[in-house]
Amino acid sequence: MIRVEKLTKKFNDISILRDITTEIKKGEVISIIGPSGTGKSTFLRCLNLLETPTSGTIFIDEVDILKKKTDVPKMRQKMGMVFQSFNLFAHLTVLENLTIGPVKLLGKSKDAAEKKAVELLKLVGLAEKADSFADELSGGQKQRVAIARCLSMEPEIILFDEPTSALDPTMVSEVLAVIRRLAKEGMTMAIVTHEMEFARNVSNRVLYMDEGIIYEDGAPQIIFDHPQKEKTKAFINRVRSFVYPIDSPNYDLYAMNAEIEAFCEKHILPKKMRNNTLLVLEELLALYIPKLKQVAITVTLAYSEKKETLELMIEASGDKMNLLDDPAMADDMGMTIVRNLTENLEYQWKDGKNTLTMALRK
Amino acid sequence: MKKRITLNRLGFMALWCILLLISGGCGEQKKEITSLDDLKNVKIGAMTGSTGEALSLKRFPAATTKSFDDIMDAIAAIKSNQIDAVITSYPTALNICKHNQNLCLIHEPVDYEDTAIAVKKNEKELLASLNQIINELANDGTLDDLKKRWLKTDMSPYEEKEFDLPKEGNVLTVGTAATREPICFINGKNEVSGFDGELARIISIKLGRPIVFKDMTFSALIPALMSGKVDAIITGMTATDERRKSVDFTTPYYKNSQVMIVRKPKGADKASVNTPDESAKSGTKAITSLDDLKHAKIGAMTGSTGERLSLARFPTASTKSFDVIMDAVAAMNANQLDAVIISDPTALNICKHNQNLCLIPESLDKENIAIAVRKNEKDLLASLNNLIKDLKNDGTLDDLKKRWFKTDTSPYEEKEFVLPKEGSVLTIGTSATSEPFCFINGKNEVSGLDGELARIISMKLGRPIVFKDMTFSALIPALLSGKVDIIISGMTATEERSKSVDFTASYYQESQVVIVKKPSGAEMASGNVPVDEAKPDTDMLRTMDDLAEKDVGVYEGTVHDSFVAKKYPKAGIKRYNSSADMVMALKTKKISAALLDALAASVLIKTNSELGILDNDVLTLPLGMGFNKKDKDLLNRFNNYLKTAKSDGSFDVIYNRWYKGDPEKAQMPKFKRVSAEKKLVVGVAVEDLPYVAYMNGEYVGIDIEIVQNLAQNEGFDLEIVTMEFPALVTALISGKVDMITDGIAITEERQKQIDFSDSYADFNTAAIALKKNIAAISQEPVDESLKISFFQSVIDGFNNNLIKEKRYLLIVNGLTTTVIISIFATILGTFLGALVCFMRMSRNKLVNSIAAIYISVLRGTPVLVLLMITFYVVFASVNIDPVFVAVIAFGLNFAAYVSEMFRAGIEGVDSGQTEAGIAIGFSKIKTFIYIVMPQATRRILPIYKGEFISLIKMTSIVGYIAVQDLTKASDIIRSRTFDAFFPLIMVAVLYYLISWVLMLALGYVERMTDPKLRTRKGR
């Protein structure tokens, strides 16, 4: 139904979307997940040309909508869109919000449109609010009206742009229930969402987007239970990471420690684990730095919320230098401390980079 | 010596005041102070730290003493009734009373004191040399000379001496408090001047030291001297013991007295009225000769020669410029001006209408009035010059002058012209607010000498003319830009103007004269106003001959006019257009007696109990109906009818009905309208019963009944038209009406112009006057409700400014114009504003910046300037209706403002609304129409309303481009009536009403766009 080829979107030379190619088939419910700022919303908005792509082609029912002579408004009528911020027409009642499109665009009679609108409002459970104005509704009610408004245009597909992000947690479920019901009825939908459980249950295909591309694409069971790629894994496991670069032997240890403490506090790590992390890091850097000709070290902490593990990675560019195998280190006091406090200690040398990874013991 | 004389004279004045207070019985006013004894319990103002303050506290312990830093603050306080008296030194007091007519001095001095120069203690050397100088000055008479020159009682300017002051040497710093004219004040050159200023300069020369003045508040002087900021204080400071403790004083150079200033007691005015000599000399502002104008405020018309003259001849006077003459006259009436300079014919006219104003008979300058023509229009200029030469030679110009420049208020005899209708139109610029040169007459046409001259020119040149009426200062720009072809508007041919336009030969030499308020008392003395309480006896009327030197009211254009003029040449003739005016004038004592038809008089005195008949048989004249000389047939038919009616007795029935019985109760028989081909148009003036009146929607009266009978008998379709009495004859001659009637007396003079029918009745003239003034009946008790109430004066103003000469038509037309301009400018501005807003929001840089420039330029230009540019520059060579130009100019201006409002309103609508609209499938335009605009409108309307209101009010400047809007209409009316109050208040109210009505309309739109209100109402 929708086919996207080599879609690229740039804002002032910054690529938001890079060569995206994918297809949405009729009847599919697609969830688009991924970290913030990776182009999920932009991708969705490109589909109905609320954003004009920089290059690439989009076919809807085999019509290239980027061609000049394509009647874009007509195309848009087939694609409903639900916004994060609802965007109900403030000057119209709920009922009028639902009838303005059918009457003005589809040429329906006012009576027919109103009849249909009342039906749709019943569907989303808001028939009694027909004469209210948007500013008299709660967030969840607004979003349900917005969904009904989409349906009033009898679209072939609905694009949801983070439909629950602006909602109180208490109102999320009422909106998700409506979407679930639509999915059940076979509506084609593309949903950008952060509700992982919902995405897993409702969709029959998941797109994981990161860094402007579709990073991984597959059935929900695969993406959520056996993600193939590193970043997908990190995302699914809800990995939070902290990176600190060191480029001088006289780096500011206390500044780095303060940031690490802040990271640990943010993710509510036990105090013991935090102290151990600082101790291990200090020992390792003390061992590393004198041996390097040029100091270019990156320290990365990665905390997985799902597994509740904290991993530490130290990357140092330069000649190969394995601290683990160095016999001189065998009895070293610092190395002993590191070994005692960590597990899964691993070393790798690749592309002129010494990488040491370990997990802090619990 | 001189001082003593002055004192005596002022003492005389003060005595008068006191005497009047006692005799006039005004003693019930509590706070009137005439002697020092009255000061015991009052509030006295004094200057902080002055001897006056100490004196006031000592001499009047029970009084409240208020301290002021500045003498003018104290004066302001006394004027606003916050204090009752001010104590200050004699010369200052003198000066203050000179400038404030409502203040006066109490002539017992509170105390005498020595004025001396203060010097820092222990400066023995300086003190010694100053003492020596003062001694010298006292001996050689310099001090006396100073006193003579500075302490004046009249308004003549000070004779300041120029000194060559030493420039080198040790500077002497002199402290002054220069707010006390004439002792010490800042003169026009921003220097410390006055008695002390000159003394200081003399000292500077004698000491051989340059001086520097430091001007400060009085109370700061001694501290400044002690701290060495100044070396000496010369500012009329009294050498008191207390001050001697801190500073040293020289020998006194002036013996000063502290006196009290108080408000003039009520009635003092009357006193001065009775002694006009005194009032003139004691420094009131009466101006009787040109020399008195030196320091006066003089009004002149912007860009007129009067303005230039005023500046040149009276450099010390302040000249105020006005756009129209009636503003200047209004300003003078409101005491904001002392004199107005204008040309003599206009001045004559103004004085004619404003009894409290008079001319100064010396003329300032003679100047030539000519027609202005655009440069290089040699042909037109030459033909106009020839024409003027012809008019001069054949006496037409003299005739014009005779007919238009009258000294009395008799009506103008306007001639009717048959103007050419074909040919190239000659557009004539006028500024029709200076009667008798150029004014708008009752028929809303440009009239006056210039108006007639223009019509003569039109005939001689064989070209139709169009008048464009605009403000005087806009005339030359209009000529230059080709909006008008020539200017005929009493314009003086000055050199400066000749640079930009050409002038024809002069058609009138006018002189610029000065109008001033009549010196108080002059009115009384001249006896023009007979109602003088001072000499009530002479008001008593016994016979008609007592009217010989009084003001007599007559109907404008009636035989009484010439009758009074012939019989009592010294009597003042006041002409009125209605008996209502005449009665009003009688009641308000503007006239002593009124002459009118005896029957009408008997009706009048029935309804006005305070009036009585002085003489019932002043003059008897036969009455006839007037016919056009060319229409002998109609005349004959009428005479035949009259003859038959008289012989068959039917006329007697009519005559008895109206003459013998009470005409108020007379019932006129009903007449059917004859639907005949022949129309008979009868002109009447609806003067009053028994002749013609308009009652219950019908014309009634003896004249009407006769005419109706005539129409019935002879088979005419009768049409009665109403016009002013003086216009009847003109209308008949010009063929506008077939016959005229309204109690018209048959006179020789009239017979020259029209034919009269046989007489159908006699016309007895009665003189009526206030009963109490009629000797025969003055003993009868009279209802004393004669004073004009405010209500009555409003009615008077209403009649004068609206009803008379159908001036309401001017207002109605003006109102229509204002509303048209406002509404169309708003519509144009709104659409243009929407376009500009659209451009401003465009992403195209060029389009965007065009809009931005448009907005900033239009918002940065005054609308008046924009209006003039549009008319005189943009559409200079296009013949275009100025109303249209006004709509364009205001529309352009409005667009600039509302476009930004629109932008703010549109940008205020959340972008999500647009996105949602587009996502549903609306095109951009439809999204705007259905989604954005309704929401933006609600935001815009409140501020849009405000801008709309200010647009309506802004339109009041369109008079600049010859549009007669509401404001201009009131200007025209004011130019005839010289009444500022009624027309201005009326126009203000009308503007308010326009705004209010249009506001209601917008308010309705606002409610309609409120979605909640609309929906709730709809369901």
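Residues numbered from 1 in each chain as written. Chains lettered and ligands numbered in written order. Predicted model: local features only at pLDDT ≥ 70, side-chain atom pairs only at ≥ 80, totals over all residues. Heavy atoms only, no water.

## Quick notes on the overall build of chain A
Moving on, step 1. Counting its secondary structure elements, chain A contains 12 helices and 15 strands.
Moving on, step 2. Looking at chain A as a whole, 52% of its 362 residues qualify as buried.
Moving on, step 3. Considering only residue pairs separated by 6 or more positions, chain A has 64% of its internal contacts joining residues 24 or more positions apart.
Moving on, step 4. About 17,300 Å² of surface is accessible on chain A, with carbon and sulfur atoms providing 49% of the total. (Helix = DSSP H or I, 4+ residues; strand = E, 2+ residues; numbered from the N terminus. Buried < 20%, exposed > 50% of the residue type's maximum accessible area, 1.4 Å probe, protein only. Contact = heavy atoms within 4.5 Å. Areas by Shrake-Rupley, 256 points an atom, 1.4 Å probe, with all protein chains shown as cover.)

## Quick word on the sheet that holds strand β15 (residues 353-360) of chain A
Residues and elements named next belong to chain A.
Moving on, step 1. Strand order across the open sheet formed by five strands is β11-β12-β13-β15-β14, with antiparallel pairing between neighbours. Pairing within the sheet leaves two strands with one partner each, and these edge strands are β11 (239-246) and β14 (342-350). Each neighbouring strand pair of the sheet contributes to a mean axis angle of 15°, computed without reference to strand direction.
Moving on, step 2. Where β11 meets strand β12 (residues 297-304), eight bridges bridge the pair, whose relative direction is antiparallel. Opposite Ile-246, over in β12, you have Ile-297 as the bridge partner.
Moving on, step 3. Helix α10 (residues 253-266) rests against β11, β12 and β13 (309-317) of the sheet, and its axis sits at about 175° to β11. (Pairing = 2+ DSSP bridges. Axes fitted to C-alpha atoms, helices over the stretch in contact; angles between N-to-C directions.)

## Considering the pattern of salt bridges
All names here are of chain B.
Moving on, step 1. Counted under the stated rule, the structure contains 28 salt bridges over all chains.
Moving on, step 2. For Arg-903, the salt bridge goes to Glu-900, with nearest N and O atoms at 3.2 Å. Taken together, the residues Arg-903 and Glu-900, both in helix α33 (residues 882-907) and three residues apart, mark about one turn of the helix. For the pair shown, Arg-903 and Glu-900 are each scored as buried. (Salt bridge = Lys/Arg side-chain N within 4 Å of Asp/Glu carboxyl O.)

## Regarding the packing of helix α15 (residues 378-393) of chain B against helix α17 (residues 448-461) of chain B
Each pair of packed helices can be described by the angle between their axes along with the distance between the axes.
Residues and elements named next belong to chain B.
Moving on, step 1. Taken N-terminus to C-terminus, the directions of α15 and α17 make an angle of 110°; their axes are 11 Å apart at the nearest point. The angle between the axes of α15 and α17 places the two elements in the roughly perpendicular class. Handedness of the crossing formed by α15 with α17: right-handed. Contacts between α15 and α17 involve Leu-380, Ser-383, Leu-384, Leu-387 and Leu-391 from the first element and Leu-453, Ile-456, Ile-457, Lys-460 and Leu-461 from the second.
Moving on, step 2. When the residues that make up the contact of α15 with α17 are grouped by side-chain class, the tally is eight nonpolar, one polar and one charged. (Parallel < 35°, antiparallel > 145°, perpendicular 65-115°, else oblique. Left-handed = near helix turned anticlockwise from the far one by under 90°. Nonpolar A, V, L, I, M, F, W, Y, C, P; charged D, E, K, R; others polar.)

## Things to note about the interface of chain B and chain A
Frequently, the measure chosen for interface size is the accessible area that the parts lose on association.
Moving on, step 1. Contact with chain B, which involves 23 residues of that partner, is made by 26 residues of chain A.
Moving on, step 2. Buried area between chain B and chain A, summed over both chains or domains, comes out near 2,200 Å², and the portion from carbon and sulfur atoms is 60%.
Moving on, step 3. Between chain B and chain A we count one salt bridge in total.
Moving on, step 4. Between Glu915(B) and Arg45(A) there is a salt bridge; the shortest N-O distance is 2.6 Å.
Moving on, step 5. On the surface where chain B and chain A come into contact, there are six residue pairs in polar contact (both at pLDDT 80 or more). (Buried area = accessible area lost by both parts, 1.4 Å probe. Polar contact = N/O pair within 3.5 Å; in protein donor to acceptor, adjacent residues only side chain to side chain.)

## With respect to a nonpolar patch on the surface
Moving on, step 1. A contiguous nonpolar surface patch, about 940 Å² in accessible area, is contributed by Phe790(B), Phe981(B), Ile985(B), Val989(B), Tyr992(B), Leu993(B), Trp996(B), Val997(B) and Leu1000(B).
Moving on, step 2. For the nonpolar patch, the leading source of residues is helix α37 (residues 981-1008) of chain B, giving eight residues. (Patch = residues over 30% accessible without salt bridge, like charges linked within 9 Å, V, L, I, M, F, W, Y side chains within 5 Å.)

## Some details on the side chain of Thr818(B)
All names here are of chain B.
Moving on, step 1. Its location among the elements puts Thr-818 in helix α30 (residues 807-840).
Moving on, step 2. Looking at Thr-818, the relative accessible area reads 1%, which means it is buried.
Moving on, step 3. Apart from residues no more than four positions distant in its own chain, Thr-818 is found in contact with Thr-955, Asp-965, Leu-966, Tyr-991 and Ile-994.

## A closer look at the nonpolar core
All names here are of chain B.
Moving on, step 1. Counting residues in hydrophobic clusters, the biggest one holds 107 residues, and the most contacted among them are Ile-371, Leu-453, Ile-486, Ile-488, Tyr-507, Phe-890 and Tyr-944.
Moving on, step 2. If we skip the residues at most four places from it in the chain, Ile-371 touches Leu-384, Ile-388, Leu-453, Ile-457, Ile-486, Ile-487, Ile-488, Asp-502, Phe-503, Thr-504 and Tyr-507.
Moving on, step 3. By size, the runner-up hydrophobic cluster in this structure holds 56 residues, among which are Leu-127, Leu-130, Leu-172 and Leu-221. (Core = buried A, V, L, I, M, F, W, Y, C linked by side-chain atoms within 4.5 Å.)

## Examining the sheet that holds strand β5 (residues 118-120) of chain B
All names here are of chain B.
Moving on, step 1. If you walk across this open sheet you meet the five strands as β10-β6-β11-β5-β12, and the pairing is mixed. For this open sheet the edge positions go to β10 (211-215) and β12 (247-249), each flanked by a neighbour on one side alone.
Moving on, step 2. Bridge count for β5 against β12 is three bridges, and the pairing is antiparallel. Bridge pairing links Lys-120 to Val-247 in β12.
Moving on, step 3. Against the sheet, helix α7 (residues 194-207) makes contact with β6 (172-176) and β10, and its axis sits at roughly 150° relative to β10, the strand it touches most.

## Observations regarding the pairing of β15(A)
Residues and elements named next belong to chain A.
Moving on, step 1. A large share of β15 lies buried, amounting to six of its eight residues.
Moving on, step 2. Of the pairings in the sheet, the one linking β13 to β15 comprises seven bridges and is antiparallel in character. Bridging from a neighbouring strand, Glu-315 pairs with Thr-355 of β15.
Moving on, step 3. In the sheet, β14 pairs with β15 via seven bridges, with the strands oriented antiparallel. Across the sheet, residue Thr-342 finds its bridge partner in β15, namely Leu-360.
Moving on, step 4. Between the end of β14 and the start of β15, which pair antiparallel, lie two residues, with Asp-351 showing a positive phi angle near 50°.

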